[in-house]
Structures are given as C-alpha cells and as structure tokens.
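Secondary and tertiary structure notes
What follows is the residue order along each chain.
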Amino acid sequence: MAVKIVTDSTSDITSDMAQELGITVVPLTVSFGHDSFLDRVEISTDDFYRRLEKESIFPTTTQPAPGIFADVYSKLAAETDEILTIVISSKLSGTYQSAINAKKMMENKCRIEVIDSASVAMGFGLLVIAAAKAARKGASLDEVMNMVNQRMPRSHLIIYFETLKYLAKGGRMGKAQGLLGAMLSVKPFLTMKDGEIAPLTRVRSKAAGLDYINSFVSGFPKIEKLAVEYSTTAADADKLVKSLGQYAPKDKIYQSTVSPVLGAYAGPGALAITVLEADK
Amino acid sequence: MKQCSSINGRDFKEMFTAATNWLEKSVSEIDALNVFPVPDGDTGTNMLLTMHSTIEEAEKANNSNVSDICQAMSRGALVGARGNSGVILSQIWCGLAAGLAGKETFNGSDLANALSQATTMAYKGLSNPVEGTILTVVKDAAAAAQAQAANDNDSVISVLEAAVNAASESVANTPRLLPVLKEAGVVDAGGQGLYTLLDGALRYLNGEVELMQFRKPQMIASSIPLTPLVVTAPERVAVDEVPFGYCTEMMLKGQGLEPDKLRKKLKNKGESLIVVGDDTTVRVHIHTLDPGNIMHYLTSMGTIHSVSVRNMDEQHQDFLEMQKQRAPATGIAIVAVIPGDRLSDVFSSLGVTAIVPGGQTMNPSTKELLQATEQATSDKVIILPNNKNIILTAKQVQSLTNKSIRVVPSRTIPQGVAALLAFDYEADFETNATIMTQALSSVKSIEVTRAVRSTKLNGFAIKKKQAIGFIDGTLVAAGNKTSEIVNDTLAKAGLDEAEVVTIYYGADASEAEARAINDSIQTDYPDLQVEIVEGGQPHYEYIISIE
C-alpha cells in the first residue's frame, strides 16, 4: 500500500496538483471579523485579495483543529497503513501541533509521521510534491521521510513584499522586526531562518526586486525545482517564469498563488520564489 | 496674540491642548528613546495619555480663571497618570496649579514662579531623584524662566521661550548626566516629552497653530558628538541575573492619606518608588518583587483603583530581543558618516549601527571614526564615509584597531543609502563588503550647492553664491536659480532608465520647492517613483539619488 501524503493549505499546492499527485490538503481558516473561510476551499485567492484591499479590518487566521486532521487520517487509514504529514513551520502556526495531536488520537491504527517543514508556501510545497511523487513510485514511509529530510536544507524561499503592513499587524515579523520604520520607501525581501521569518535584503523598486530575484536564482549552479508564486500580480509572476527559464527548464518551474492564509500576512503585490537546489 | 502680557484660563487650556496634539506627533519617536532599565517601555505614550486626562478635566472646569482651570488639570493629571514619566508629569501639573492658585490670569513672572514650584513638586514625589531625566529638564527650564522674568521683558512669550530653549539644551545634555543614556546614544525620553509640550505651548502662543498641523516636533539630539544609534551588546545580553520584578502602579483613594508617610513606608519595598497625591487620592508607582505585598498594604489604607502589574523581566527580554533585531545582522556593525540629524534618522531607520556626524567642510577625524568602531559591539565593522574626502580617513582606521574593518567607499549620501540597502542579512562580512561596494554604482548622485567663490570650471564661469549642480562629483550646471539648476542637472543625468528618484532637501531648501521639483519630474515621467525626504543637510540644498 502506497504511503499517503498530507499537507496543509499554506503549502500552496493547487487543487489540480493535489488531485494529480494524490495529496490531501488540510485547509487553515482565514477570517474577516466573523466571516470565516476555509483556505482555498471556501474563498479563492482572487476573492480574498479583492476583499483584503477593500476591508478596513485585518484578517486573522487559525490552524486546522486536531479533529480535522484526525478525520483525514481515519479516512486515509482505510486505504493505507502509512501516512506522512508535512506542515508549515511550527514557529509560525499551530498546524504542526494539531497534526501531532490528531496522530495521538489515532492510537496505533496506522503509522503516521509529521514533519515540521520549518518553512512556508512552496518553500515546503516543493517538498510535498517530491514526497508525493516518491510515494507513488512505491517508496516506503522511511524512504520518503529520508528524502524530505535531505531536501529540507536545500529548499530556499525568498519573499518580496510590497508592504510589511500586514506581516507586522499579524505579529509575524520574527527576526525581521528591524526592517520596520524605514524612513525611505523600501521593498523588503524576507526569507526563512530556523523556522522563522528573517530579513534578507531591501530594494527600492519592484523592477530592482525582479532583478534581485533573477540574480538570486542564478546563484544556484544546479536546480532541481523552482516555484514562482504571487499574491495579486500575475503579470510579474509570468515575467519571472519567462526570465527564470534560463536557469531551469519550464517543466521544472511550478507556478502557484500565495494562499489567502499566507496572504493575510504577505499582502498584495507579494512574490514568493523557492529554489529547490539539486544534490551536489 | 504676540503682545499678550497676561493670559487667562481658557487660553491656558487651549495652549496645552495644542501642546498635547504637538506631543502626539512624536509619541512613537519618544517611545523609541526608551532605554531599559530606565523604567517604562512607552514614555511617549504614557505622557500623552496623562495629558489627555489632564485636558479632559480642564474641559470640565466651570470657571475660566487660570487658577481653577489649572487645578482641574492637575487633578486630571493625577487621576490619569501613567507610568513613571506620567506620574512625574502629574507632579509638575500639581506644582503649576499651586503656583497659579488664586490667579485670574497670569503673566511671565507668574509662569516662572509656577515652573519653579513644579520643579519642587516633581523632585518631592520621588524618594530617589535621578538627574539627567525629566526632573533636570523641568529644573533647567524653570531656572531660565526665572532669569528671563527678572529681566525687563517678562511677557509670557519671552519667559516661555527662555524655558523652551533651556529645556532643549537640557534634553541634549541628559546623556552627560545619565550614563545609561550615553551608552545607548539617546536623550532622556521623559525630558524630550516635556520639552515637546513646552515647545507646543509656545508655538500656540506664537500663533503657529496652522503650521503645527504640517510640522513635527523636533527630536533633540544628544550633545555628545558620538552617537551610536543602535548598540547591541552581546555581553549585555548575557548579564541578566538581577530580576527586575514587577512594575506595579495603582491609585489609592481614602480619607486622611499621608503621601509622605506612605512613601517612607514603601521605600524599602522596591525600586523607582513614586508616591504622589493628596489626602484623598494618592498614586503609587514601584518596581517590586512582591506586588501582592504592596497591594495588601495599600488596601488596608483605602480602596485601590487602576491597578496595573507588569512583569518587567518579560519586558526586559522583549527589549533585548528588539535591540538584537534592530541590528542589521549578528556580527556586523555599520558605521556611517552623516551630515545632520535628519539624514542620521534616515540612516538609522535603515539599520546603521553608529553615526559619526560629518560631511562636506566638517570631515571627522580618524580618531572619531575609530571611537565609533571601537564602540560598536561587533568585531566586524563596515564604514560608509559618504564623502570622497573622508574615504582615506576611514581607511586609516584599520591600522589603529584589532577589529576587522572594511571601507565601502561611498562618495555621496545616495551611494551610502544604496550600499546600506544592499546589505544582505544572510551573507558574511566579506561578501557584504563586496555586495555593498557593487551597489555604489547602482545609483547616480546629484548634488546642488552654492559656489563659495567665483571661478571657472568645466567651461562654466561661476559667480560666487550661484547655484551649481553636480552629477557624481562632476559639475554640469551653474546659474542663479536653484530650482532651474536642479532641473537642468536632472535632465543631464537622464531619467529615461530611472525607477526611483529620491530628493533629500537640505537645511537651506524648502519642502515647497522640493515639491515643485517633484511635480515637474512627475509631469515628464509619470511612471517614475519620486520620494521627497527632509535631509536637513548643510551646504547642499539638494541631494538627489537616481536609481
């Protein structure tokens, strides 16, 4: 029986990808006041950002309850006896804890492992895809875990922000606190470090940001997979996919959107780029 | 209102309403001045909230004589006092009220007397007054007011002006009196708050109400020349054995309360003790390891209200964390040479560790640069000279220190900003020096200044005091009208490829003129992102970066 792969909606795996690769995506929740939506299920990314830009209240987000993971596990347990869950950094969300609690609820009906990816978005979404592909080829749970653990340090995520307003409001600045309060308008790049948001560098304009992304990607001699995501600026993402084509073939570049739950912090105009470096 | 020799209660209230709005504009800057363990993480906010309560009470006063209004304000301050600085501020109000008691209106000497009483009250409220704080500032302001009142010209405006000027100097001097301020390179927050209030009141009297809507209060810079703006001390992070305990605040209401006795009783129960008030209402502020004990004691005297207990060890941890995060990256310090406070603010907001004041015609010495690098807590220091005449001086520093120094040879302010922004938080020291140096060429620098003498240069016959424009140090335009020279120089620099233009207008230029330049750029290049920043730099009316 093949290993089943479970992830959460902040992996930015689209429903097409999930269906194709047999991945179960557990949604987080995003709320505007009392209006709550399951991430990517009850609210599309487009609808979300439209609302984000016109609402005066800032959205809040919640992890999936352990019971939701438990339901998923029970259902999958009918088809398999090995489940691997890969989730958003435990320092940014309680999703990891929910998945762990659900695992405890299952007792020993099925072997379940949960990996704290220490990342967000395609920063771990690419790992989920790789895991699903390996599982489909018949790799065992240990083999898949091994493969994911090897790749985790090779996944490099950088995020371009038009504004840090949403991240600061949401209290997720992490080590990037020092970037607030700049007296010039700057567009920051953030990255993930030890499971937390950390500063990378700053540029003055979007054009300079796109240049930076290109030079960042060009710094990797061998690339296994690449992911380009946007919150509201599809044209910028298209431009990037074109220019990044020189560093990786088109079929190795995944495109997605920054999910509403992440968008509540990234805000409009954000771009997320993940380089999954090939083994040396 | 320029000529007024005496002022009634209603004007007094209006004057401090304007002052409170003035204070509100720099609350976040004042909050940012806080240095632990000088108590309270939010001096600006606390003073503002105290003032809000003060003004609210003034609104309720029935009479328009200054005595009654000031009494009401004093009551409002006491009831609404927040934090250490707020409580001291409430004492200042209490003193002012005592000084103006029984008066229908007041004149300059009345004000001077009231300020003196305010000083006495402020000192009295504390069991252990510390100099280099709001206390020193009110004392110096009062002394200057007295001196002015003794002169022939004792109009309220001239007395208040003397007080404001003295307060400003006193604030700048606070780091000399209080080592913890010097170490952090900031002035006392409470002192800055008081200065801002007095300044706001003076501006109101001078009829600047409208102007105040568009301006911000001045943040006083330390008078100690070397101002490390962000000092992260790893060694200080380690020292944290002494617990800070709980910042405990409450109001005690009852009959026949005796603040002096209370103060004596509480003296040994903690630090930073403040007990102020009268026989029916007393405000208590103390840092104690056992807040329960304090509350227990006070409830035996009367009823307690507005109780606040905050864990200061937690605050301290947060503070250390914030300090760490404000540094550009662990292990690398950046020292920059900057002309003027406004530009210093820009650089420090972008993460510079230490600022050495200097620039054109005021080149810092090697020693000053050395001091700044020695003070930086990192062993790896990058220096941004931001002027071609300072690069060599900066390069001397390496031979005088055991620290590793890299000079990123920025020749202009725009180059300095470009280098600073290119800083890569994930890269090591060497790589950053390289990246930052490469970034210098990503920006074109325009500088517009005035010729100091008549000369011929680059085919231009320049007359003394004419405006002259440079692109990356090369003279390209000269003429009588600054704005024309700016536009001329911009045209020669070429904006077709540009994405961002930043205009830093200097001390001798006006924001209005900068806006006009902005408008003319926007007309020709509507897609260009143009930003106007008050640089306040001397000599150069305009410094413009083109990226």
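First things first, this report covers the structure right here in the doc. Positions within a chain are numbered from 1, following the residues in the order the chain's sequence is written. To label them, take the chains in the order written and letter them from A, then take the ligands in the order written and number them from 1. Confidence filtering applies because this is a predicted model: local features only for residues at pLDDT of at least 70, side-chain atom pairs given and counted only at 80 or more, and all residues used for totals across whole chains, interfaces and linings.

Okay, the sheet that holds strand β3 (residues 246-253) of chain B next. Residues and elements named next belong to chain B. Pairs of strands are assigned from DSSP output, requiring at least two bridges between the strands. To qualify as a helix, a DSSP run of H or I must reach at least 4 residues; to qualify as a strand, a run of E must reach at least 2; elements of each kind are numbered from the N terminus. Taken together, 4 strands build an open sheet; the order of strands is β4-β5-β3-β6 and the sheet is antiparallel. What marks the edges here is a single partner per strand, and that holds for β4 (271-277) and β6 (303-311). Within this sheet the neighbouring strands show an average axis-to-axis angle of 10°, counted without direction. Of the strand pairs in this sheet, β4 and strand β5 (residues 281-288) are connected by 5 bridges, and their pairing is antiparallel. Each bridged residue has a counterpart across the sheet, and for I274 the counterpart in β5 is H285. Packed onto the sheet, helix α5 (residues 83-100) meets β4 and β5 and runs at close to 35° relative to β4. Contacts from helix α13 (residues 259-266) reach β4 and β5 within the one sheet, and its direction differs from that of β4 by about 165°. Every axis corresponds to a line fitted to the C-alpha atoms, with the helix fit spanning only the stretch in contact, and the corresponding angles, defined between N-to-C directions, vary from 0 to 180 degrees. Residues are treated as contacting if the C-beta atoms built from their backbones sit within 7 Å of each other.

Among the nonpolar cores identified, the biggest contains 158 residues, and V128(A), A131(A), I159(A), V335(B), I383(B) and L420(B) are the most heavily contacted of them. Judged by nonpolar contacts, the second largest core, of 91 residues, contains L78(B), A145(B), V186(B) and L262(B). By definition, a nonpolar core groups buried Ala, Val, Leu, Ile, Met, Phe, Trp, Tyr and Cys residues that are joined through C-beta atoms within 7 Å. Counting other C-beta atoms within 10 Å of a residue's own tells you its class, since 20 or more makes it buried, 12 or fewer makes it exposed, and anything in between is partly exposed; those C-beta atoms are placed from the backbone.

All names here are of chain B. Taken in spatial order, the 6 strands make up an open sheet running β15-β14-β11-β18-β16-β17, and their pairing is mixed. This sheet does not close on itself; its edge strands, each paired only once, are β15 (474-479) and β17 (529-534). This sheet shows a mean twist of 15° between the axes of neighbouring strands, independent of strand direction. The pairing of strand β16 (residues 500-505) with β17 spans 6 bridges and is classified as parallel.

The next thing to look at is the pairing of β5(B). All names here are of chain B. A large share of β5 lies buried, amounting to 7 of its 8 residues. Note: β3 against β5, 8 bridges, orientation antiparallel. Bridge pairing links T248 to I286 in β5. Between the antiparallel neighbours β4 and β5 lie 3 residues.

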